[in-house]
Amino acid sequence: MKNQLKAVWQFFFGDSARAFGSVSLILLVLLAISPAKNHFSQWRHYQKQYLHLIRGRADAVTLERHFQGGIQQIWIPEQQVTDRCTTCHLGLKEASLADVSAVAFRKHPVVPHSLTEFGCTTCHRGQGAATTVEEAHNSTEQWEQPLLPAKYIEAGCGQCHLEKPTATPFLNQGRDLISSNGCTHCHTIKRGDGTYILPDDDPPSLKHIADKTTREWIYAWIKDPQAYAGTATMPNYHLRDDDARDISAFVISQSTALQPPIQPGQTDTKPAEDPAAGTSLYGQSFCASCHAMQNAAGILVGGNVGPELTGIGTKAKPEWLQDWVANPNHYDPGTMMPHYRFDATQVATLAGFLESKTEPDLVANVHLDPATSPQIEHGKKLVVENGCASCHEINGIKKPENFAPELSRIGSKPLSQLLFVEGVEHTLPGYVAAKVRSPRAFGPSLKMPQFNLTPLQIDAITTALLAQTDRSQTQPPAMRIASVQQTKYEPAGHAGQLMGDLRCLTCHVINGHGGDMAPDLTWEGTAVQREWLTQFLKNPETLRPALIRRMPKFNLTDAEITTLADYMMTVYQTPQFDRDSLPVSEFSPAVVEQGRQLFYSKFACQSCHIADYAKDKGYIGPALAGTGKRFYAAWIYHWLQDPQSLRPGTIEPNQHMTDDEARSLTAFLMSLNATGSKEATKK
Amino acid sequence: MANTLDQLVEQVRENRIWRSIFRSGTGASNLHRALFVQQNVFLHLFSVKARKRTVGFSATWYLGALTFGTFLILVITGILLMLYYHPSVPQAYADMKDLQFVVSSGVFLRNLHRWSAHAMVFLVFAHMFKVFYRGAYRPPREFNWVIGVVLLLVTLLLSYTGYLLPWDQLAYWAVTVGSNIASAVPVMGSKIRFLMLGGTAVNANALLRFYVLHCVILPFTATLLVAIHFWRIRKDGGIYAGEPATKGKSE
C-alpha cells in the first residue's frame with residue numbers, strides 16, 4: 001500500500017517537469033470550475049424547464065417566438081429597479097399560461113400597471129438583481145428585504161397610492177384601523193407626500209372627568225376597558241391593582257369642575273310617566289345610528305360613531321347625563337354629537353332611560369379608600385410613563401412629543417435593528433404583526449398596550465405599516481397618488497353656527513367634507529324646493545324605506561328652520577345650471593305619459609325606486625312618490641343625464657339617456673305629488 | 001520524441017522573429033545565458049548568475065516570489081474587475097451584484113481577487129519573518145529591508161482601500177472606523193481625516209478617493225518599489241542564502 005502510494009507520487013511529482021505538468025493540470029481543472037458553474041446555473045435550468053413546458057402546448061410556436069434566452073432584465077434607473085425576475089419567470093405576459101401549475105411560469109394576474117414600466121421588486125420586494133432562487137426571494141446576509149408574503153401584497157400598492165384605491169381593501173382597512181385605534185397619537189407616521197396619518201378616534205378629555213364619572217369606574221375601566229364595552233377603543237395596559245388605584249386617584253385629583261358648573265339633578269321635571277317613553281325617545285331620536293347598545297338577547301345593535309351605551313348608567317353620573325343630553329357642547333365642545341333641542345321632560349326621560357342601562361358587576365367589587373398624596377404622586381408618575389396624555393387631555397400633564405418610535409419607514413427597517421423574541425417569525429412582517437398582536441410579548445416592561453384586534457385586522461394594520469418603506473418616502477413625486485386630505489370646512493354666519501351646533505357634518509358631506517352616513521348636501525339648494533326643505537327640517541320623514549338610520553328630529557324652532565333653509569337655498573347651489581331653468585308648466589300630459597312608459601319599461605326605475613306607494617317595491621334608492629313637491633325639475637333633468645357629475649360616487653347609474661328621454665322622465669317625476677311616507681299612505 | 005521536441009524548440013528560437021525579440025539566441029554558453037537575462041527588461045533586474053542553493057526551496061521558501069505572484073494575480077483580476085465597476089454611490093453596490101449574478105465568472109474574479117489579497121498580506125508577513133530570522137536584513141541589505149517595510153505598508157493600504165469599494169455596510173463602517181482612528185492623531189487629526197475622505201463623512205468623495213488610491217496610486221507605487229526591491233537584491237549580492245560556508249559549519 002505504502003509502496004503503491006509512493007509510486008503514484010513518483011509518477012506525478014517525481015521530477016520537476018512532472019511536478020510542473022501535474023500542478024498545471026490541477027490548476028487548469030480548478031479554473032474550469034468557474035465557467036462550468038456559469039453553465040450549470042439555476043436560471044438556465046429554469047429556462048430549459050420553461051421550453052419543455054411550452055413545447056407541449058397548443059400555442060407552442062407563439063410562445064417560443066416570445067421566448068428569449070439568456071438573462072432578462074427590467075431596468076428603470078429612476079426607480080432604482082434592476083429586476084432580473086423575468087429570467088426565470090418567463091410566462092408573466094403570456095395570456096395562455098394562466099392555468100399553468102408551476103407558479104414560476106404562470107401568467108401574472110391582471111393589474112392596472114405594466115410590468116415593464118414598474119418592474120417587479122417595486123411591489124413585491126426581494127432582490128431584483130439576483131439570478132438565483134434563494135437570493136432573489138429570501139432574505140440573506142447581503143439583502144435583508146425578502147419577497148413580500150402574499151397576504152401583505154397590498155403593502156406594495158400603498159407605497160405610491162396614498163388615496164384609497166378600491167382594489168386594495170385590505171390596505172385601506174389597515175390605514176383606517178391605524179387612525180381609528182389612535183396608533184398615531186403616540187407613533188408618528190409620515191406619508192411620502194409629507195402628510196401624516198392622523199388619529200380619528202377622538203379620545204375624550206379628562207379635564208373635568210370627575211364631573212362625568214366616579215373613581216371606581218375609572219379604576220375598573222383602565223384595568224380592562226373591554227370588560228365595560230367590548231367595542232371600546234382604549235387598549236388594555238395590564239395595570240396592576242395598585243397602579244390602577246393610583247392612576248384613578250391622580251386623574252380624579254387633577255379634574256376641575258366644568259364652567260359653568262353642571263346643575264344638580266332638576267327635581268322639578270319628572271320623566272314621562274310611560275315606562276316605554278325612554279325607549280321610544282331613544283328610537284325616535286335615532287341614537288342607534290351612532291351608538292350601539294346590547295339588546296335583551298345580548299346582541300349589539302347600532303352604529304359605531306359614538307361610544308357603546310350598554311353600561312352607560314354605571315359609567316356616567318346622572319346629573320352629567322342630563323347635562324349631556326340637554327346640550328353636549330357644554331361638556332365637550334369638540335364632540336361629534338349634535339345638539340338636540342330636547343325639552344326638560346324629554347331630557348329627564350332620555351337621561352333616565354340611559355341611567356337604567358347599567359353593568360353593576362363592573363364596579364361591584366371595587367372598593368377604593370380615599371387617595372393619599374403618595375398614591376396621587378405615584379399615579380402621576382404612571383400617567384407620565386404610560387403616556388396617557390398622548391391621547392387624553394389631563395390637567396397638569398403636557399402631551400408628550402414623539403412618545404413612541406416613528407413608523408414612517410418601518411417597512412424598510414433592517415432585521416438587524418429589530419429585537420426578536422422566541423416564537424416570532426424572523427421576518428419583518430412577522431415582527432410587525434407580532435408587535436401589533438401582543439406588544440407585551442416582547443417584554444413585560446414595554447409600554448405599548450394590548451389592543452383589541454382580530455387576526456384579520458392585525459394583518460390589515462401590518463399591511464398598512466409595511467407600505468411605509470424607504471421607497472415610499474424617496475420616490476419621485478410623479479409616482480405618487482396623493483392622499484385625500486381632510487381640511488376644516490365650517491359654514492359661515494348664523495346658519496353656520498347652527499349647523500355646527502347640529503353637527504350636520506358628522507353625517508352629511510358638504511363640499512367634500514364630513515361624514516359618510518347621510519346624503520351629500522353640496523348642491524342641495526339647487527336640488528330641492530324650499531317648502532319641502534322646511535317641512536323636512538321640521539319633521540324629517542324617511543325617504544329611504546330600507547334604511548334603519550335616518551335623520552333624527554332635532555326639535556328646531558321655526559326661526560332656526562328659516563335660517564337653515566335660507567342658507568342652504570342660497571349657498572348650496574351648483575354653478576352648472578339654474579334651478580329655475582326648467583319650469584314645470586312646460587310639460588304636457590302626453591310628455592308625462594311618455595315619461596311613465598320610460599320609467600316602468602325602458603329604464604325599469606321601479607326596481608330601485610318607488611313612484612307609487614301602492615304598486616312599486618324598489619327599496620334601493622329613495623322613494624320618488626313625492627318628487628314633484630321635493631325637487632326642482634331642472635335638477636332632475638340634469639341628474640338623469642349624468643348623476644355622477646352632480647354627486648360623485650352616487651350609485652345611481654348613468655343611463656346615457658337622450659335629451660328627450662330625460663325631459664319626459666323629468667315630466668313624469670314632477671307629476672308625482674304623494675305626501676308623507678309609505679306608512680302615512682297606508683293609514 | 002524528446003529529441004524532436006528539443007529540435008522544434010531550437011528551431012523556433014532560431015527563427016528570425018524570435019531572434020528579433022530575444023536577441024540573445026540559443027546556446028548554452030555562460031555568455032548566452034547572461035545575455036538572455038541581461039537583455040530582457042524584466043529579467044535584467046536580477047543577477048545574471050545565482051548560486052544554486054539560493055534558488056532551491058529551502059533558501060527562501062519562495063515567499064518573495066509567491067508574494068510577487070499574488071501581486072500579479074491581483075493586478076490582472078483587478079483590471080478585469082475595473083471593467084465592471086463604477087466608483088459612484090448609486091452604482092458601486094449594484095455593480096457588485098452584477099458581478100455576482102450576471103457577469104460570466106464574476107464571482108470567480110471577485111473571489112480570486114479577494115483571496116489573493118489575503119494571501120498576499122499573509123505572504124508579505126511570512127516573507128518578512130523569514131528575512132528577519134535569517135538575518136537577511138543586515139548590511140548591505142538594510143536599504144532593501146526599508147523598502148520592504150514600505151511595501152508592507154503599501155500592501156496593507158491596498159487591502160484597506162479595496163475594502164471600501166463594494167460599498168456595503170461592512171465597507172462603510174470599516175472605513176468610518178478607520179478614518180476615525182486617523183482623526184485621533186494629535187493636532188492635525190481632523191485634517192488627516194478630511195484629506196482621507198475628501199469630506200467629513202464617508203460618501204461619494206471618499207469612495208472616489210479610495211478608488212483612485214486602490215487602482216492607480218498604490219499599485220503604481222508598489223510596482224515601482226517592487227522594481228527597486230528586485231534590483232537591490234542583485235546590487236546587494238543576490239538572494240541571501242545564509243552566511244558563506246567559510247563561516248558556518250553546516251555548509
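All residue numbers here refer to positions counted from 1 along the written sequence of the relevant chain. Here every chain gets a letter starting at A, and every ligand a number starting at 1, in the order they are written. In keeping with the predicted nature of the model, local features appear solely for residues at pLDDT of at least 70, side-chain atom pairs appear and are counted solely at 80 or more, and the whole-chain, interface and lining totals rest on all residues.

The next point concerns the overall build of chain B. The helix and strand inventory of chain B stands at 12 helices and 0 strands. Each helix is a run of H or I in the DSSP string that is no shorter than four residues. Each strand is a run of E no shorter than two, and both are numbered from the N terminus. Reading chain B from its N end, one meets helices and strands in the order α-α-α-α-α-α-α-α-α-α-α-α. Taking 18 Å as the expected radius of gyration for a compact globule of 251 residues, we find that chain B reaches 23 Å, considerably beyond that expectation. The exposure label follows from counting other C-beta atoms within 10 Å of a residue's C-beta, where the C-beta atoms are placed from the backbone and the thresholds are 20 or more for buried and 12 or fewer for exposed, leaving partly exposed in between. Here chain B holds 251 residues, and 22% of them are scored as buried. Taking the contacts inside chain B whose residues are at least 6 apart along the sequence as the reference set, 66% of them involve residues at least 24 apart. Our radius of gyration is a C-alpha quantity, and the globule rule it is checked against amounts to 2.2 Å times the number of residues to the power 0.38. Each residue gets a C-beta atom placed from its backbone, and two residues are in contact if those atoms lie within 7 Å.

Let us now look at the overall build of chain A. Each helix and strand counted, chain A has 35 helices and 6 strands in total. Taken over the C-alpha atoms alone, chain A extends approximately 125 × 85 × 45 Å along its principal axes. Considering chain A as a whole, with its 683 residues, one finds that 33% of them fall into the buried category.

This next bit is on the domain arrangement of chain A. Taken as a whole, chain A is organised into domain 1 (2-39), domain 2 (42-147), domain 3 (172-200 + 403-479), domain 4 (209-376), domain 5 (493-571) and domain 6 (584-682). Taking only C-alpha atoms into account, the centre of domain 3 of chain A sits 49 Å from that of domain 6 of chain A. Domain segmentation is taken from an automatic or database assignment of domains.

Residue and element names in this part refer to chain A. Running from N to C, helix H14 (residues 241-254) and helix H21 (residues 373-385) point in directions that differ by 95°, and their axes come no closer than 7 Å. Taken together, the axis directions place H14 and H21 in an arrangement best described as roughly perpendicular. Taking contact as the criterion, the partners of Asp243, Arg245, Asp246, Ile247, Ala249, Phe250 and Ser253 in H14 are, on H21, Gln375, Ile376, His378, Gly379, Lys380, Leu382 and Val383. Per-class residue counts for the contact of H14 with H21 are 6 nonpolar, 4 polar and 4 charged. Axis geometry follows a simple rule: fit a line to the C-alpha atoms, using only the stretch in contact for helices, then measure angles between N-to-C directions, giving values from 0 to 180 degrees. Each angle receives one of four descriptions, namely roughly parallel if under 35 degrees, roughly antiparallel if over 145, roughly perpendicular if within 65 to 115, and oblique otherwise. Only Asp, Glu, Lys and Arg are considered charged, only Ala, Val, Leu, Ile, Met, Phe, Trp, Tyr, Cys and Pro nonpolar, and every remaining residue, Gly among them, polar.

Many analyses report the size of an interface as the accessible area lost when the parts associate. Contacts between chain A and chain B engage 10 residues on the former and 9 residues on the latter. Per-element tally for the side of chain A that touches chain B: the top contributor is helix H2 (residues 16-39) of chain A, with 3 residues. Among the residues forming the side of chain A that touches chain B, the class breakdown is 4 nonpolar, 5 polar and 1 charged.

What follows deals with the environment of A:Ala60. Residue and element names in this part refer to chain A. Turning to its location among the elements, Ala60 is positioned in helix H4 (residues 60-66). Take Ala60: there are 13 C-beta atoms within 10 Å of it, and that puts it in the partly exposed class. Dropping the residues within four chain positions of it, Ala60 is found in contact with Ile54 and Arg55.

Our next topic: helix H30 (residues 589-602) of chain A. Residue and element names in this part refer to chain A. The end-to-end C-alpha distance of H30, which contains 14 residues, comes to 19 Å, matching closely the 20 Å that a straight helix rising 1.5 Å per residue would cover. Inspection of H30 places Gly595, Leu598 and Phe599 among the buried residues, and these make up the whole buried set. When H30 is viewed along its axis, its buried side chains cluster within an angular range of 95° and face the same direction. Exposed side chains of H30 directed beyond 90 degrees from the buried face belong to Pro589, Ala590 and Ser601. Summarising the contacts, the buried residues of H30 are in contact with helix H34 (659-670). Where H30 ends, the next residue or the one after it, Ala604, has phi of about 50°, a positive value. Expected span, for any helix, means 1.5 Å times one less than how many residues it has. Relevant arc is that of directions from the helix axis to the C-beta atoms, nothing else.

Residues and elements named next belong to chain A. The interhelical angle for the contact between helix H22 (residues 428-437) and helix H23 (residues 455-466), taken along N-to-C directions, is 130°, at an axis separation of 9 Å. By the angle class used here, H22 and H23 are oblique. Judged by the sense of rotation from one axis to the other, the crossing of H22 with H23 is right-handed. Where H22 abuts H23, its residues Pro429, Val432, Ala433, Val436 and Arg437 lie against Ile458, Asp459, Ile461, Thr462, Leu465 and Leu466. Taken together, the residues of the contact of H22 with H23 break down into 8 nonpolar, 1 polar and 2 charged. Crossing handedness is read from the near helix: turned anticlockwise from the far helix by less than a right angle, it gives a left-handed crossing, and turned clockwise, a right-handed one.

Attention now moves to the confidence of the model for chain A. Summary of the metric used: pLDDT quantifies the predictor's per-residue confidence within the range 0 to 100. When pLDDT is averaged across chain A, the result is 87; 96% of the residues are at 70 or more. Looking at the elements of chain A, mean pLDDT is at its lowest for helix H35 (residues 678-682) of chain A, recorded as 45, and at its highest for H23(A), recorded as 95.

Interpretation of this model should avoid reading the predicted coordinates in detail wherever pLDDT is low. Residue and element names in this part refer to chain B. On average, residues of chain B carry a pLDDT of 89, and 95% of them reach 70 or more. Contacts from residues 247-251, a stretch scored under 50 in pLDDT, to residues over four places away or in other chains number 4 contacts. The ipTM, which scores confidence in the relative placement of chains, is 0.78 for this predicted complex, and the corresponding pTM is 0.80.

We now examine helix H7 (residues 89-101) of chain B. All of the buried residues along H7(B) are B:Ala92, B:Asp95, B:Met96, B:Lys97, B:Leu99 and B:Phe101. Lining the buried residues of H7(B) we find helix H8 (106-134) and helix H12 (204-235) of chain B.

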